[in-house]
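# Notes for the structure review
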Amino acid sequence: MKALARLGLIPPVLLTLGATPAATYIPVGKYNEAIVMPAGTPLKLDRIEFDDRALFSGRLVIEGTWVLDCDYCEPGQKDNELRLSMVPDTATIARLPRWKRHDNDIRIDLADADRFIRSVSTVDERKRLHAGTLLEIRGHAAIMVDHYEATLECDAASYSARFVDVAQVAKRANLPTDGNYGCGYAETSSAVARPAGRS
């Protein structure tokens, strides 16, 4: 097509009609880093703290694989906490602000998600997660989030957001989440709970 344009057979303006708008880059000095702001993102950079924590305003629907597990849990300990995270799909990633140089895979930790956690798990499953006899539960959903953050720790990128609401009913499924997600994530795919007759 470009060759035809050089020959004058296609007007140059037509070549730009299908082009994807370019992302913008916001420099972050301390680590010779930058924040990538996709052209289509509904989020806006609010501020950068200490050159390793970027906070964003606005809301975004994240679609992908959710994982419910126990964060840094030890069997029998009372302070064990369940963790809900989301591995976004390709379309969502294309709209997410992210670090440029620290480009490991994206997995978003979700805060204030008790309502979602209760809707996708039973009381018994949550007890088993706390006890370490069940490693995780997985599924697919689309959820609305806000308070999106991008941080740097352990020389890797980490992401978090606050759960707002469900945009698409969560379904249970043993979906793969292979990837390099930085600190605190060791991939596990065994001992995943099977669907319990719920959608």
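### What to know about the pattern of salt bridges
For the coordinates displayed, the defined rule picks out nine salt bridges. Among the salt bridges present, the one from Arg53 reaches Glu49, with a minimum N-O distance of 2.6 Å. When its relative accessible area of 28% is taken as the criterion, Arg53 is described as partly exposed. Note that Arg53 is salt-bridged to Glu149, the shortest N-O span being 2.9 Å. Of this pair, Arg53 sits in strand β4 (residues 53–57) while Glu149 sits in strand β9 (residues 136–153), placing them 96 residues apart in sequence. One salt-bridge network, held together by shared partners, links Asp46, Arg47, Glu49, Arg53 and Glu149.

### Some details on the side chain of Arg126
Within the secondary structure layout, Arg126 lies in helix α5 (residues 123–131). Within polar-contact distance, the side chain of Arg126 engages the backbone oxygen of Ser121 at 2.8 Å. In this structure Arg126 touches Leu82, Ile117, Arg118 and Ser121, once residues within four positions along its chain are discounted.

### Concerning the sheet that holds strand β1 (residues 24–28)
The pairing of strands in a sheet happens through backbone hydrogen bonds and is either parallel or antiparallel. Pairing in this open sheet of three strands is antiparallel, and the strands run β1-β2-β7 from one edge to the other. Of all strands in the sheet, those bounded by a partner on one side alone are β1 and β7 (98–99). Here β1 runs beside strand β2 (residues 33–37); their pairing, made up of five bridges, is antiparallel. Residue pairing for β2: Pro27 is matched across the bridge by Ala34.

### Thoughts on the environment of Ala161
Among the structural elements, Ala161 can be located in strand β10 (residues 156–172). Sequence separation of Ala161 and Met144 is 17 residues, and the distance between their C-alpha atoms is 9.6 Å. Excluding anything up to four places from it in sequence, Ala161 contacts Ile108, Asp109, Leu110, Ala111, Val145, Asp146, His147 and Tyr148.

### Regarding the pairing of β9
One face of the sheet, then the other: side chains in a regular strand alternate in exactly this way. Burial analysis of β9 places 14 of its 18 residues in the buried class, the great majority of the element. As judged from the ten bridges shared by strand β5 (residues 60–71) and β9, these two strands associate in the antiparallel manner. Paired with Ile62 across the bridge in β9 is Ile143. Adjacent in sequence and paired antiparallel, β9 and β10 are bridged by two residues, among which Cys154 carries a positive phi angle near 55 degrees.

### A word on the side chain of Ser158
Checked against the element boundaries, Ser158 lands in strand β10. We classify Ser158 as buried; its relative accessible area is 10%. One polar contact links Ser158 to Glu153, side chain to side chain, over a distance of 3.1 Å. When residues no more than four places from it in sequence are discounted, the contact partners of Ser158 are Glu149, Ala150, Thr151 and Glu153.

Definitions and cut-offs
Residues numbered from 1 in each chain as written. Predicted model: local features only at pLDDT ≥ 70, side-chain atom pairs only at ≥ 80, totals over all residues. Heavy atoms only, no water. Salt bridge = Lys/Arg side-chain N within 4 Å of Asp/Glu carboxyl O. Buried < 20%, exposed > 50% of the residue type's maximum accessible area, 1.4 Å probe, protein only. Helix = DSSP H or I, 4+ residues; strand = E, 2+ residues; numbered from the N terminus. Polar contact = N/O pair within 3.5 Å; in protein donor to acceptor, adjacent residues only side chain to side chain. Contact = heavy atoms within 4.5 Å. Pairing = 2+ DSSP bridges.

In short, geometric facts, not functional conclusions.
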